[in-house]
Amino acid sequence: MTQRKILVTGATGFLGRHMMPVLRAAYPEREIVGVSSVDGDLTRFEVARALLDKVRPDAVIHLAAYSGGIGANRSWPADFYWRNITLVSNIYEAAAQTGVKRIVYTMGGCSYPGTATSPISEDQMWEGYPQGDSAAYSAAKKMGIVAAKAYEAQHGISSTVLVPGNLFGEYDNYRNGESHVIPAFLRRFHEAKLAGVSEVVCWGRGIAQRDFVYAEDVARAIPQFLDRTDVPGPVNLSHGATTTIRELAETVADVVGLKAEIKWDLDKPEGQLIKIFDVARMREMGIDCPTGLREGLVRTYDWFQRNYADAGDGLRL
């Protein structure tokens, strides 16, 4: 085990907060250093360089990202593009300048082409442009694959690129106008239940299909790639099941205990209609993301209720 000191960027973010305790439990003999935006703005190269120079990690798990739902991506595409492509560029260049030789990098499944055929296999990554609503974010994150190959060729940095599916779970971003579909549904339905409303309106027709994966499962999978330098990726990490947005809404409503009628605003966007991930490669490696949607939702809603009262509108816990 050569990676004795591991730096995790985005350690206090959604996936990072799931992964840090898992990583420390799995590798008690290694030094784990977690950093967040409080420790420095990694979109500034001098900050990224100074951080890696100070920590001197053997390996970096790069989770730091600027992300959000369809509404946020449509409103601020330039922000999503610039921040994410700058983050990945700075981390790889700083790693090269400070002698880091191992990087595990996560990107979103939305980086696959908008025309990709589900279940989406890793070999479809470069067969087209990402779906338009989140293309600026998706294309920027996709450049991590290019960076991984370029910095291996020139600087000998070994990378594995991982592609988690549609993550959900505790610690997600629940802020109105910024969140992905599951935290948006959980918050909206919870508040609708508290208000006693008779109906709740959701975007689109509810026919889009997704493959949702519980964040803790992905957090347990990622550290297994630290010593797998023979797997460059990309590798999909997901549950592998199909759920329509309508089915999701009904399941969330049931878990929350919402009695209101769910109606659909057909003028609102739905994103890519079918996005299911091929998880054969992951499973061939002996890795699984086993938690079912309802089980994960029950855990997530339990956490949400315990934290909601103290959070107010800034609900990113």
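Let me begin by describing the structure that accompanies this report. (Residues numbered from 1 in each chain as written. Predicted model: local features only at pLDDT ≥ 70, side-chain atom pairs only at ≥ 80, totals over all residues. Heavy atoms only, no water.)

What follows covers the overall build of the protein chain. What the protein chain contains, in helices and strands, is ten helices and 13 strands. For 317 residues, the compact-globule estimate of 2.2 N^0.38 gives 20 Å, and the protein chain sits close to it at 19 Å. On the principal axes, the C-alpha backbone points of the protein chain span a range of 60 × 45 × 40 Å. Within the protein chain, counting contacts between residues at least 6 apart in sequence, those at least 24 apart form 82% of the total. Counting every atom, the protein chain has about 13500 Å² of accessible surface; 49% of that belongs to carbon and sulfur. (Helix = DSSP H or I, 4+ residues; strand = E, 2+ residues; numbered from the N terminus. Rg over C-alpha atoms; globule rule 2.2 N^0.38 Å. Contact = heavy atoms within 4.5 Å. Areas by Shrake-Rupley, 256 points an atom, 1.4 Å probe, with all protein chains shown as cover.)

With respect to the helices and strands, the residue Gly71 is situated in helix H3 (residues 70–75). The exposure class of Gly71 is partly exposed, given its relative accessible area of 24%. The sequence separation of Gly71 and Asn84 amounts to 13 residues, and the corresponding C-alpha distance is 17 Å. (Buried < 20%, exposed > 50% of the residue type's maximum accessible area, 1.4 Å probe, protein only.)

With that settled, the discussion passes to the sheet that holds strand E8 (residues 209–210). Spatially, three strands are ordered E11-E8-E13 in an open sheet, and the strand pairing comes out mixed. At either margin of the open sheet sits one strand with a lone partner, and together these are strand E11 (243–244) and strand E13 (274–275). Two strands pair when backbone bridges link them, and E8 and E11 are joined in this way by two bridges, in the antiparallel orientation. Directly across from Gln209, in E11, lies its bridge partner Thr244. (Pairing = 2+ DSSP bridges.)

Relative to the 18 Å expected for 13 residues at 1.5 Å per residue, helix H1 (residues 14–26) spans 19 Å between its end C-alpha atoms, a close match to the ideal helical length. Most pronounced at Met20, the bend in H1 amounts to some 25°, and the proline Pro21 follows within four residues. Considering only its buried residues, H1 is in contact with strand E1 (5–9), strand E2 (31–35), strand E3 (59–62), strand E6 (166–168) and helix H7 (215–221). (Expected span 1.5 Å × (residues − 1). Bend = angle between axes of the 7 residues up to and from the residue.)

Attention shifts here to the environment of Gly132. Locating Gly132 in the fold gives a position in the loop between strand E4 (102–106) and helix H5 (135–155). When its relative accessible area of 57% is taken as the criterion, Gly132 is described as exposed. With 140 residues separating them along the chain, Gly132 and Gln272 place their C-alpha atoms 8.6 Å apart.

This next bit is on the packing of aromatic side chains. According to the stated counting rule, one finds eleven aromatic pairs in the structure shown. For the ring pair Tyr112 and Phe277, a centre distance of 6.2 Å and an interplane angle of 45° mean the geometry is tilted. Taken together, the residues span a long stretch of sequence, with Tyr112 in the loop between E4 and H5 and Phe277 in the loop between E13 and helix H9 (280–284) at a distance of 165 residues. Note on accessibility: Tyr112 and Phe277 belong to one class, buried. Residues Phe185 and Phe189 carry aromatic rings whose centres are separated by 5.2 Å and whose planes lie at 10° to one another, so their mutual orientation is stacked. (Phe/Tyr/Trp six-rings, centres within 6.5 Å; stacked < 30°, edge-to-face > 60°.)

Before going further, it helps to examine the side chain of Asp211. Here Asp211 lies in the loop between E8 and strand E9 (212–214). Of the side chains with opposite charge, Arg283 comes closest to the buried, unpaired Asp211, at an N-O distance of 7.6 Å. For Asp211, the side chain forms a polar contact with the side chain of Ser238, separated by 2.9 Å. For Asp211, the side chain forms a polar contact with the main-chain nitrogen of Gly240, separated by 3.0 Å. Aside from chain neighbours lying at most four places away, what touches Asp211 is Gly165, Asn166, Ser238, His239, Gly240, Ala241, Lys275, Ile276 and Phe277. (Lys, Arg positive; Asp, Glu negative; His and termini not counted. Salt bridge = Lys/Arg side-chain N within 4 Å of Asp/Glu carboxyl O. Polar contact = N/O pair within 3.5 Å; in protein donor to acceptor, adjacent residues only side chain to side chain.)

One open sheet holds the six strands; their spatial order is E2-E1-E3-E4-E5-E10, and the pairing between them is parallel. With one partner strand each, in any of the chains shown, E2 and strand E10 (235–237) form the two edges of the open sheet. Sheet twist, expressed as the average angle between the axes of neighbouring strands with direction ignored, equals 20°. Of the pairings in the sheet, the one linking E4 to strand E5 (residues 158–164) comprises five bridges and is parallel in character. The residue bridging Thr106 from the neighbouring strand is Leu162, located in E5. Strand contacts of H1: E1, E2 and E3, with the helix running at about 170° to E2, the strand carrying the most contacts. (Axes fitted to C-alpha atoms, helices over the stretch in contact; angles between N-to-C directions.)

The next thing to look at is the environment of Gly233. Note on placement: Gly233 falls in the loop between H7 and E10. With 110 residues separating them along the chain, Gly233 and Asp123 place their C-alpha atoms 10.0 Å apart.

Take the nonpolar core next. Core analysis: the biggest nonpolar cluster contains 32 residues, and Leu7, Leu52, Tyr92 and Ile103 have the highest contact counts within it. When residues in this core are grouped by element, the largest group, seven residues, is from helix H4 (residues 77–98). (Core = buried A, V, L, I, M, F, W, Y, C linked by side-chain atoms within 4.5 Å.)

Let's shift gears to the packing of helix H6 (residues 181–195) against helix H8 (residues 245–256). Helix-helix packing is described using two parameters, namely the angle between the two axes and the distance between the axes. The interhelical angle for the contact between H6 and H8, taken along N-to-C directions, is 45°, at an axis separation of 10 Å. Compared by their axis directions, H6 and H8 come out oblique. Of the two elements, H6 crosses H8, and the hand of that crossing is right-handed. Between H6 and H8, the residues in contact are Val181, Ile182, Phe185, Leu186, Phe189, His190 and Lys193 and Ile245, Leu248, Ala249, Val252, Ala253 and Val256, respectively. Among the residues making up the contact of H6 with H8, the classes are represented as eleven nonpolar, one polar and one charged. (Parallel < 35°, antiparallel > 145°, perpendicular 65-115°, else oblique. Left-handed = near helix turned anticlockwise from the far one by under 90°. Nonpolar A, V, L, I, M, F, W, Y, C, P; charged D, E, K, R; others polar.)

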